[in-house]
Amino acid sequence: MRKIVLMMSVSLDGYIEGPNREIDWHMVDAELHRHFNREIREMGALLSGRVTYELMAGFWPTADKDPDSTPEVVEFAGIWRNMPKVVFSRTLQRGEGHTTIVREVVPEEIRELKEQPGGNLGLGGADLAAEFMRHDLVDEFWVYVHPVLLGRGKPLFPEADALTRLRLIEARVFGNGVVQLRYERANAAAS
């Protein structure tokens, strides 16, 4: 069965974006970009909310046309264009390319999606991740901790009433100081 994998970059103090939605503090160098390309290429689909989708769709469809683009950017532009995308939005009317719009997170439909053949499902966006977590749908958490303190902004995880126990699968340090922490739900090993 496919897993739903939350993949997010976060500041050391837990924010995914600054107070004005800035993400220019992300430290994505060639090594980290190659890692993202390898991981995302193996995914079966990307799941995101409208804001994350529009951010990505505003850049990646033509990023490889810029003569100043790095080889990693050129490679990811092709990966992103060809990757099936599921966008959860009540307002978005249509998406580009291999994009399906879904209006609501329906747990039974997500479980059916997980049963389909193919690679894992990459989940992006804090609001959508919170909704998936409310329904106990996130199987793994891949958090990329950037060595920066933002002080304020949008937190990766909202306040919650329930404790979620996790088990560390892997920790990896990149040359630029970013640390990838891979966790699975603690009960996933038993199921």
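So, here's what we can say about the structure. Quick caveat: nothing in here was measured; it's all calculated off a predicted structure.

Focus on the overall build of the protein
And step 1. Each helix and strand counted, the protein has five helices and 10 strands in total.
And step 2. Its C-alpha atoms give the protein a radius of gyration of 16 Å, within 12% of the compact-globule value 16 Å for 191 residues.
And step 3. Taken along the three principal axes of its C-alpha coordinates, the protein extends 50 × 35 × 30 Å.
And step 4. Out of the 191 residues in the protein, the part that is buried amounts to 42%.
And step 5. Once local pairs closer than 6 in sequence are excluded, the contacts in the protein between residues at least 24 apart make up 71%.
And step 6. For the protein, the accessible surface area stands at approximately 10,600 Å², while carbon and sulfur atoms represent 52% of it.
And step 7. Looking at the protein, you have 23 positive and 29 negative side-chain charges, and the mean spots of the two groups are 2 Å apart.

Details of the nonpolar core
And step 1. Judged by nonpolar contacts, the single largest core of 24 residues is most densely connected at Leu-47, Phe-88, Leu-123 and Phe-132.
And step 2. Those elements that provide at least two residues to this core are strand 1 (4-11), strand 3 (45-49), strand 4 (85-88), helix 4 (107-115), strand 6 (121-124), helix 5 (126-134) and strand 7 (140-146).
And step 3. Ignoring anything within four residues of it in the chain, the contact list for Phe-132 reads Ile-4, Leu-47, Phe-88, Val-105, Ile-110, Leu-123, Leu-137 and Val-138.
And step 4. In this structure, Tyr-53, Trp-60, Trp-80 and Tyr-144 belong to the second largest nonpolar core, which totals 22 residues.

Focus on the pairing of strand 7
And step 1. The buried count for strand 7 comes to seven of seven residues, which makes it a mostly enclosed element.
And step 2. Of the two faces of strand 7, the one carrying Glu-140, Trp-142, Tyr-144 and His-146 and the one carrying Phe-141, Val-143 and Val-145 are both buried.
And step 3. As paired elements, strand 1 and strand 7 share seven bridges and run parallel to each other. Paired with Ser-9 across the strands is Tyr-144, a residue of strand 7.

Section: the sheet that holds strand 9 (residues 166-173)
And step 1. Across the sheet, eight strands lie side by side as 5-4-3-6-1-7-10-9; this open sheet has mixed pairing. Bordering the open sheet on either side are strand 5 (99-102) and strand 9, each of which pairs with just one other strand. The mean inter-strand angle of the sheet, taken between neighbouring strand axes irrespective of direction, is 20°.
And step 2. Where strand 7 meets strand 10 (residues 179-185), six bridges bridge the pair, whose relative direction is antiparallel. Looking at strand 10, one finds that Val-143 is bridged to Leu-181.

Quick look at the pairing of strand 4
And step 1. Burial along strand 4 is two-sided: the residues Lys-85 and Val-87 and Val-86 and Phe-88 are all buried.
And step 2. The pairing of strand 3 with strand 4 spans four bridges and is parallel. When the bridges of strand 4 are listed, Leu-47 appears paired with Val-86.
And step 3. By the bridge criterion, four bridges tie strand 4 to strand 5 in an arrangement that is parallel. If you follow Phe-88 over to strand 5, its bridge partner there is Val-102.

What about the environment of Val-179?
And step 1. As for its position among the elements, Val-179 is in strand 10.
And step 2. For the pair Val-179 and Asn-120, spaced 59 residues apart in sequence, the C-alpha separation works out to 21 Å.
And step 3. Once residues lying within four places of it in the same chain are set aside, the contact partners of Val-179 are Val-143, Tyr-144, Val-145, Arg-172 and Val-173.

What to know about the packing of helix 1 (residues 30-41) against helix 3 (residues 71-82)
And step 1. Packing of helix 1 against helix 3 brings their axes to within 10 Å, and their N-to-C directions diverge by 20°. Put simply, helix 1 runs roughly parallel to helix 3. Remark: the crossing between helix 1 and helix 3 carries left-handed chirality. Side by side, helix 1 and helix 3 meet where Ala-30, His-33, Arg-34, Asn-37, Ile-40 and Arg-41 of the first sit next to Glu-72, Val-73, Glu-75, Phe-76 and Ile-79 of the second.
And step 2. Its residues placed into classes, the contact of helix 1 with helix 3 shows five nonpolar, two polar and four charged.

Calculation notes
- Residues numbered from 1 in each chain as written.
- Predicted model: local features only at pLDDT ≥ 70, side-chain atom pairs only at ≥ 80, totals over all residues.
- Heavy atoms only, no water.
- Helix = DSSP H or I, 4+ residues; strand = E, 2+ residues; numbered from the N terminus.
- Rg over C-alpha atoms; globule rule 2.2 N^0.38 Å.
- Buried < 20%, exposed > 50% of the residue type's maximum accessible area, 1.4 Å probe, protein only.
- Contact = heavy atoms within 4.5 Å.
- Areas by Shrake-Rupley, 256 points an atom, 1.4 Å probe, with all protein chains shown as cover.
- Lys, Arg positive; Asp, Glu negative; His and termini not counted.
- Charge placed at Lys NZ, Arg CZ, Asp CG, Glu CD.
- Core = buried A, V, L, I, M, F, W, Y, C linked by side-chain atoms within 4.5 Å.
- Pairing = 2+ DSSP bridges.
- Axes fitted to C-alpha atoms, helices over the stretch in contact; angles between N-to-C directions.
- Parallel < 35°, antiparallel > 145°, perpendicular 65-115°, else oblique.
- Left-handed = near helix turned anticlockwise from the far one by under 90°.
- Nonpolar A, V, L, I, M, F, W, Y, C, P; charged D, E, K, R; others polar.

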